[in-house]
Amino acid sequence: MHIVHLAIVGLAACVALPAAANDGTPRRRPLEAQVLERINHARQNPRAYAEELRDYRRYFDGDILYLPGDFNGIYTREGIAAVDEAIDFLERQAPLPALDHGDLLALAARDHAEDQGALGATGHVSRDGAGPSERVRRRGGNVFVGESISYGMADADAVVRQMVVDDGVPGRGHRTLLFQNNFRFAGVGCGGHRRYGHMCVVDLAGTIDGAPDLSRSASAATRAVPGQARAR
């Protein structure tokens, strides 16, 4: 069973390695870096990613996905219908800027992956009751963040594809997060999971630390009242 979880807060509300380098910054582990790379590939090249999904859809037999070498198959809720819907979305999606890596966001994402992985838990609330905003705040950031979680996938392509296709998720919330234009930074935290084997947490924000983007807010306010300076 492979599942994903989504949280959008503030704005709308694996290999074991040391968590940090000698200078205190988080060490980027291979899977985590690959997940961000694949997210950026999809954001920057949506039509090329649509072609990849066209190749992926040929591995379906009804609602069961049989990837090469997997003779047991993976049961999906929507089958190729969700894939085709994702392809249509990508064909209409304009390219977006790449997300820069955010150290603080990555630390917060990794905190949740380590907390849940040991317990085999799911969802966006840690064992002490903290949600995405609070975890970023504890790392020294702010609350304007979004979060997606994938369980059961140990491969970066599979993690990102799962979020883009968003099989069985009303509103395609994970895809919406990945293609949100005002997000500019992301941090990924992956690790083992007691129940599903693997999990990856992706925390996204408009700023490197989850603070509100005041420059964008000011720009939007100016556009909203273009004649204010001339009012009498």
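In the annotation of an unreviewed UniProt entry, the protein is listed under the name CAP domain-containing protein and assigned to Sphingomonas agrestis.

Participant: Before we go on, may I ask you to explain the pattern of salt bridges in this structure?
Facilitator: Any two side chains of opposite charge can pair if their charged atoms end up close together. A complete count under the given rule lists 18 salt bridges for this structure. One salt bridge connects E78 with R172, and the closest N-O pair in it is separated by 2.8 Å. With E78 in the loop between β4 (74–75) and α3 (80–92) and R172 in the loop between α6 (156–165) and α7 (173–178), this pair connects stretches of sequence that are 94 residues apart. Note that E85 and R172 form a salt bridge whose closest N and O atoms lie 3.2 Å from each other. Here the residue E85 occupies a position in helix α3, and R172 occupies one in the loop between α6 and α7, the gap between them amounting to 87 residues. Residues joined by salt bridges that share partners form a network here, namely R47, E51, R54 and E91.

Participant: Hey, could you run me through the side chain of R110 in this one?
Facilitator: Here R110 shows up in helix α4 (residues 103–119). In this structure R110 comes out as buried when scored by relative accessible area, which is 3%.

Participant: Would you take a moment to explain unusual backbone geometry for this structure?
Facilitator: Most of the time, phi is negative for any residue but glycine, and the peptide bond is trans. Positioned with a positive phi, D166 is a non-glycine residue whose angle comes to about 60°. In this structure, D166 sits in the loop between α6 and α7. According to the relative accessible area criterion, D166 is buried, its value standing at 0%. Of note, the phi angle at R172 is positive, near 50°, even though the residue is not glycine.

Participant: I would appreciate a short explanation of the pairing of strand β7 (residues 185–193) in the present structure.
Facilitator: The two faces of a sheet get side chains in turn, since along a regular strand they alternate between them. With eight of nine residues buried, β7 lies mostly within the body of the structure. Bridging between strand β5 (residues 100–101) and β7 involves two bridges; their strand directions are parallel. Residue pairing for β7: D100 is matched across the bridge by F185. Bridge count between β7 and strand β8 (residues 197–205): nine bridges; the pairing is antiparallel.

Participant: It is not clear to me how helix α2 (residues 46–56) should be interpreted in this structure. Could you clarify?
Facilitator: Three- or four-residue spacings in an α-helix give side chains the same orientation, since the helix completes a turn every 3.6 residues. The set of residues buried in α2 consists of P46, Y49, A50, L53 and Y56. Seen from one end, α2 has its buried residues packed into an arc of 110°, which puts them on one side. Contacts made by the buried residues of α2 are with α1 (30–44), β2 (60–61), β3 (64–65), α3 and α6.

Participant: Can you help me understand the state of the cysteines in this one?
Facilitator: One covalent bond between the sulfur atoms of two cysteine residues makes up a disulfide. For the structure shown, the criterion picks out one disulfide. Here C190 engages in a disulfide with C200; their sulfurs sit 2.1 Å apart. Between C190 and C200, the S-S torsion sits near 110°, and that sign places the bridge as right-handed. With C190 in strand β7 and C200 in strand β8, the pair connects residues that are ten residues apart, well separated along the chain. The same class applies to C190 and to C200, which are both buried.

The rules behind these values
Residues numbered from 1 in each chain as written. Predicted model: local features only at pLDDT ≥ 70, side-chain atom pairs only at ≥ 80, totals over all residues. Heavy atoms only, no water. Salt bridge = Lys/Arg side-chain N within 4 Å of Asp/Glu carboxyl O. Helix = DSSP H or I, 4+ residues; strand = E, 2+ residues; numbered from the N terminus. Buried < 20%, exposed > 50% of the residue type's maximum accessible area, 1.4 Å probe, protein only. Pairing = 2+ DSSP bridges. Arc of directions from axis to C-beta. Contact = heavy atoms within 4.5 Å. Disulfide = S-S within 2.5 Å.

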